[in-house]
Amino acid sequence: MLVENEFTSSAPVDHLWAYLLDVERVAPCLPGAELTETIDDHNWKGKVLMKLGPVSLSFAGSVAMDERDDVGHRVVLHAKGMEQKGKGAANAVVTSWLEPGEGVTIVKMRADITLTGAVAQLSRGLLPDISKKLTQQFADCLQASMAASEAAVAPNGADVAPSRAGAIGGFRLGAWALVRAVGRFFGRLFGQTSR
């Protein structure tokens, strides 16, 4: 499944690029993600907790930076994980790049995602909407984290720790995605398009 998202930031391209490449700083903004180990500057291990209504799924896996283009502000990450209490698996190749806009930087992402097991059944048809909501949560956390690190520096000169985004999902996220999916269905049924 191919999922595409984008968000804007008021930070300049080069500043945002350097910030996004600091995985330890950015990881807390990824909803449900926890960085558990830094292997080197291109490989990490972590966990993701996903909640969709009453169902909780926990994945453990790794992320590798396959490509990095500092001039073009483009990076390709390969993430894979196994469900910790089940047979599900997730595999994703995520390509992200930055584009300068009018007074903003546009962050674009394209993810090629393969899911198996329970998560594939739960997310069928809902993943694009859930992905958009999670991207917005990430963008909001990232903006707040960048603003906090620029505005407040600890007495020893270290940056203030970023806020954490929390687990993916919850009832409201699942319900929001379901309402959007139903709206699209009826829109197609009656010949209208839905955002």
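**Here's the deal with the pattern of salt bridges**
Next up, step 1: Tallied over the entire structure, the rule returns six salt bridges.
Next up, step 2: Residue K108 pairs with E6 through a salt bridge whose shortest N-O separation is 3.9 Å. Taken together, the residues span a long stretch of sequence, with K108 in strand β7 (residues 105-116) and E6 in strand β1 (residues 2-9) at a distance of 102 residues.
Next up, step 3: Across the pair D70 and R68 runs a salt bridge whose closest N-O atoms are separated by 2.8 Å.
Next up, step 4: Judged by its relative accessible area of 38%, D70 is partly exposed.
Next up, step 5: One salt-bridge network, held together by shared partners, links E6, E99 and K108.

**Focus: helix α1 (residues 13-20)**
Next up, step 1: Within the sequence span of α1, burial applies to V13, L16, W17 and Y19. Across the axial projection of α1, the buried residues extend over an arc of 165°, all falling on one side.

**Considering the packing of aromatic side chains**
Next up, step 1: Evaluation of the coordinates by the stated rule reveals one aromatic pair.
Next up, step 2: Ring centres of F7 and F138 lie 5.9 Å apart, and the angle between their planes is 80°; on these two criteria the pair is classed as edge-to-face. A residue pair is termed long-range when its members are at least 10 positions apart, and F7 in strand β1 and F138 in helix α4 (residues 127-151) qualify at 131 residues.
Next up, step 3: Judged by relative accessible area, which is 4%, F7 ranks as buried.
Next up, step 4: Looking at F138, the relative accessible area reads 8%, which means it is buried.

**Description of the environment of G81**
Next up, step 1: Of note, G81 is situated in strand β5 (residues 74-83).
Next up, step 2: When the C-alpha atoms of G81 and N91 are compared, they prove to be 6.5 Å apart, with 10 residues separating the residues in sequence.
Next up, step 3: Not counting residues within four places of it along the chain, the set of residues in contact with G81 comprises F59, A60, G61, A89 and A90.

**Some remarks on the nonpolar core**
Next up, step 1: In terms of nonpolar packing, the biggest core is built from 20 residues, with F7, L16, L98, F138, L142 and M146 touching the most fellow members.
Next up, step 2: Elements with a minimum of two residues in this core: α1, β7 and α4.

**Brief notes about the state of the cysteines**
Next up, step 1: The full count for this structure, using the stated rule, is one disulfide.
Next up, step 2: Note on cysteine connectivity: C29 is disulfide-linked to C141, with sulfurs 2.3 Å apart. Its S-S torsion of about -70° marks the bond between C29 and C141 as left-handed, since a negative value means left-handed. Within this pair, whereas C29 is found in the loop between α2 (23-26) and β2 (33-40), its partner C141 is found in helix α4, the two being separated by 112 residues in sequence.
Next up, step 3: A relative accessible area of 1% means that C29 is categorised as buried.

**Looking at the confidence of the model for the chain**
Next up, step 1: With 71% of its residues at a pLDDT of 70 or more, the chain shows a mean pLDDT of 77.
Next up, step 2: In this model residues 159-165 is a low-confidence stretch, pLDDT under 50, and it forms 18 contacts with partners more than four residues away in sequence or in other chains.
Next up, step 3: Low pLDDT, under 50, characterises residues 170-178; the stretch is placed with 14 contacts to residues that sit more than four places away or in other chains.

**Remarks on unusual backbone geometry**
Next up, step 1: Even without being a glycine, H73 presents a positive backbone phi close to 50°.
Next up, step 2: Of note, H73 is situated in the loop between β4 (55-69) and β5.

**What about the side chain of E83?**
Next up, step 1: By secondary structure assignment, the location of E83 is in strand β5.
Next up, step 2: Of the side chains with opposite charge, K85 lies nearest to the buried E83, which makes no salt bridge, at 9.3 Å.

How each quantity is defined
- Residues numbered from 1 in each chain as written.
- Predicted model: local features only at pLDDT ≥ 70, side-chain atom pairs only at ≥ 80, totals over all residues.
- Heavy atoms only, no water.
- Salt bridge = Lys/Arg side-chain N within 4 Å of Asp/Glu carboxyl O.
- Helix = DSSP H or I, 4+ residues; strand = E, 2+ residues; numbered from the N terminus.
- Buried < 20%, exposed > 50% of the residue type's maximum accessible area, 1.4 Å probe, protein only.
- Arc of directions from axis to C-beta.
- Phe/Tyr/Trp six-rings, centres within 6.5 Å; stacked < 30°, edge-to-face > 60°.
- Contact = heavy atoms within 4.5 Å.
- Core = buried A, V, L, I, M, F, W, Y, C linked by side-chain atoms within 4.5 Å.
- Disulfide = S-S within 2.5 Å.
- pLDDT = per-residue confidence, 0-100.
- Lys, Arg positive; Asp, Glu negative; His and termini not counted.

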